[in-house]
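Observations on chain architecture
Below, each chain spelled out in residue letters.
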Amino acid sequence: MNRIVHTVLRSERLTLRPPVLADAEDGQRYVSDRRVAEMTSLIPHPYPRGASLEWIERTARDWTEGTRAAFMICLRDSGELLGSISLFSEPADGNLIGYWIGVPHWGRGYATEALQRVIRYAFEDLAVESITTYHFAHNPASGRVMQKAGLKFKGLTPLGASRGDKRYDDVRYAIEASEWRAQPALVP
């Protein structure tokens, strides 16, 4: 992956921008909701007071180091914060994308639109060759987001993901840059 540089991305309805300190309060409120936390491997519940601010500060360092592109998902017109999406590399898994959307904004296609835009950024701007992501088997809505964004089902890994000290089945999806380029409907 080419070095990640601080950037803002736009799609039809969304602006994806690096987190800023002013996002801490809304971010804290959204990820403190058990329904959001339960669908992710990295968001603890209860979410510690001040952890959102720490996450924002950590992602600023990640941007500076070029190791992670973390974006806040916001409505393009109003700037209202909806969630977050990140692109990063893991030695065992390659280039991964993780995301969450605040419960009041579920079911409106925002996660799909954000995922499509970050995939485009990864392939066009960072010269990534492939992207992998997964969801817990108990979160099929996230699988539908991945499918709509063009990712292909790769398999189910029994107890392949963890959340705290619990193990869960994970469902893997991936897409190669060549597959993405061959599907004009996926290139916004």
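One can find the structure itself at the top, above this paragraph.
This write-up is about the structure you can find in this document. What you are looking at is a predicted structure, and each value in this text was computed from that prediction instead of being measured. (Residues numbered from 1 in each chain as written. Predicted model: local features only at pLDDT ≥ 70, side-chain atom pairs only at ≥ 80, totals over all residues. Heavy atoms only, no water.)

Here we look at the pairing of strand β3 (residues 68-75)
The buried fraction of β3 amounts to 7 of the 8 residues, a majority that puts the element mostly inside the structure. Where strand β2 (residues 14-17) meets β3, 4 bridges bridge the pair, whose relative direction is antiparallel. The partner of Thr-15 across the bridge, within β3, is Cys-74. Sheet analysis places β3 next to strand β4 (residues 81-90), joined by 7 bridges and oriented antiparallel. From the neighbouring strand, Arg-68 faces β4, where its bridge partner is Phe-88. Here β3 folds back onto β4 in antiparallel fashion, the turn holding 5 residues, of which Gly-79 has a positive phi close to 85°. (Buried < 20%, exposed > 50% of the residue type's maximum accessible area, 1.4 Å probe, protein only. Helix = DSSP H or I, 4+ residues; strand = E, 2+ residues; numbered from the N terminus. Pairing = 2+ DSSP bridges.)

A closer look at unusual backbone geometry
Note the cis peptide between His-45 and Pro-46, where omega equals 0°. One non-glycine residue with positive phi stands out, namely Ala-127, at about 55°. Relative to the helices and strands, Ala-127 resides in the loop between α4 (110-124) and β6 (130-136). Even without being a glycine, Leu-159 presents a positive backbone phi close to 55°. Within the fold, Leu-159 resides in strand β7 (residues 152-163). Look at Leu-159 and you get partly exposed, because its relative accessible area is 49%.

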